[in-house]
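Architecture and fold: a report
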Amino acid sequence: MNVSILGAGAWGTALAILLADRHKVVLWGREEGAMRDAEAKRENAAYLPGFALPPGVQATADFQAAVDHAGRGEGLLIIASSVAGLRPLAQRLQGKSIPNLVWLCKGFEEKTRLLPHQVVREVLGAELPHGALSGPSFAQEVAAGLPCALTVASTSAALRECVVAAVHGRSMRVYSTDDLVGVEVGGAVKNILAIATGVIDGMGLGLNARAALITRGLAEITRLGVALGGRTETFMGLAGVGDLILTCTGDLSRNRKVGLGLAQGKKLDTIVAELGHVAEGVRCAQAVRALAQDVGVDMPITNAVAAVLFDGDSPRAMVERLLSRDPRDEAA
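Each chain carries its own residue numbering, running from 1 in the direction its sequence is written. Given that the model is predicted, a residue must reach a pLDDT of at least 70 before its local features are reported, and side-chain atom pairs must reach 80 or more before they are shown or counted; all residues, however, enter totals for whole chains, interfaces and linings. Hydrogen atoms and water are omitted, and side-chain values are computed over all heavy atoms in the structure.

1. Here we look at the UniProt feature "binding site: substrate" (unreviewed entry) in the protein
- UniProt positions are given in the numbering used here, feature names are shortened, and annotations may be inferred rather than shown by experiment. The UniProt entry lists Lys-106, Arg-254 and Asn-255 under the feature "binding site: substrate" (unreviewed entry), expressed in the numbering used here. The annotated residues occupy 150 residues of the chain but converge on a single region, no pair of C-alpha atoms lying more than 13.1 Å apart.
- Residue Arg-254 is classed as partly exposed on the basis of its relative accessible area of 30%.
- The contact rule is simple, with two residues in contact once any of their heavy atoms fall within 4.5 Å. When residues no more than four places from it in sequence are discounted, the contact partners of Arg-254 are Ala-10, Leu-275, His-277, Val-278 and Ala-279.
- With respect to the element layout, Asn-255 can be found in helix α11 (residues 254–263).
- Since its relative accessible area comes to 6%, Asn-255 is described here as buried.
- With residues near it in sequence (within four places) discarded, Asn-255 still touches Asn-191, Ala-194, Ile-195, Thr-247, Ala-279, Glu-280, Gly-281 and Val-282. When a residue's accessible area, from a 1.4 Å probe over protein chains only, is under 20% of the maximum for its type it is buried; when over 50% it is exposed; and in between it is partly exposed. Per the convention used, a helix needs a DSSP run of H or I reaching at least four residues, while a strand needs a run of E reaching at least two, with both numbered from the N terminus.

Laid out in structure tokens, this is it:
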């Protein structure tokens, strides 16, 4: 199968490495010099250093060539940008012959509060077979060939079958669901909760506190997801609790690192600059807080994180706000 990946960050590069033993993969990035170096040196040193690009991967900055490659036969086009980059890439795809389309990004678009599939449908229409590939996955581990399991979500059974055929195998398992909303909400909100967990860990509040926060965070994800049309069982799967646990506890988590930095008293701009990569939870927090208010969903952890990021609250104030809440029925 011909596979093209639009976005040469760490995750896009890792997936290209994974798929190259079975497919012809074109990895597109917007920076011509970086792509030329990656192709010549067989390594994406800027975003995933230390991992060689296999012979089956072609790195390029030629957008049309990448799209054409996926369009040959029953190909697969994968968007591996941030949520902020999804709409511009979709706009570049307008009027082009597009095969099966999936994206890897997790979050809500900041200004519109739209989920990725809503952005894609708004730009490209609902008729195009499309979906999300999500779940607990650190790029470095995928590139190293360590075991991983993901979920492909789409209302198109044919699209789900295409993605499973392309990605499932060896160290990667791919499950499928038609609950696109649930999968995308789980992938988006867990990043905000990982920031909160980083704060808890950075303040030395203990493993009990971490477990409590993750558990109550899952309740927040589920409440919002169901309100937006997702199914409760989705949040007990890979794209829900699975991704939440990984992002909240893994040392490779960018969003958790944001929380750790906040607990150390660092400014948000400094933390983001030090990361050198996008931490989607920062961009997502405002949108989720506002959306939850609009649909009448209680999300105290999300609200507390957004208050630290954007309203000037201290990490200690965040913790005090959460601890001072009145008791309630756990299932409420």
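So, next bit.
2. Focus on unusual backbone geometry
- You will see that Arg-42, though not glycine, has its phi angle at about 60 degrees, which is positive.
- Within the secondary structure, Arg-42 is located in the loop between α2 (32–41) and β3 (57–60).

3. What to know about the packing of aromatic side chains
- Each Phe, Tyr or Trp ring (for Trp, its six-membered ring) is paired with any other whose centre lies within 6.5 Å, and the angle between the two planes then decides the class: stacked below 30 degrees, edge-to-face above 60, tilted in between. Within this structure, the stated rule accounts for 1 aromatic pair.
- A centroid spacing of 5.2 Å and a plane angle of 80 degrees characterise the contact between Trp-28 and Phe-63, whose relative ring orientation is edge-to-face. Placement of Trp-28 in strand β2 (residues 24–28) and of Phe-63 in helix α3 (residues 63–71) is noted, with a sequence separation of 35 residues between them.
- Judged by relative accessible area, Phe-63 falls into the buried class, the value being 5%.

4. Notes on the sheet that holds strand β5 (residues 100–103)
- Paired strands, in this sense, are two strands between which DSSP finds at least two bridges. With respect to topology, 8 strands assemble into an open sheet ordered β3-β2-β1-β4-β5-β6-β7-β8, the strand pairing being mixed. On the outer flanks of this sheet lie β3 and β8 (172–177), each paired with one strand and no other. The mean angle between the axes of side-by-side strands here comes to 25 degrees, regardless of whether they run parallel or antiparallel.
- Sheet topology note: the strand β1 (residues 2–6)/strand β4 (residues 76–79) ladder contains 4 bridges and is parallel. Among the inter-strand pairings, Ser-4 is bridged to a residue of β4, identified as Leu-77.
- Helix axes use the C-alpha atoms of the stretch in contact, all axes being lines fitted to C-alpha atoms, and the angles between their N-to-C directions lie in the range 0 to 180 degrees. The sheet strands contacting α3 are β1, β2 and β4, and the helix crosses β1 at an angle near 145 degrees.
- Packed onto the sheet, helix α4 (residues 83–93) meets β1, β2 and β4 and runs at close to 145 degrees relative to β4.

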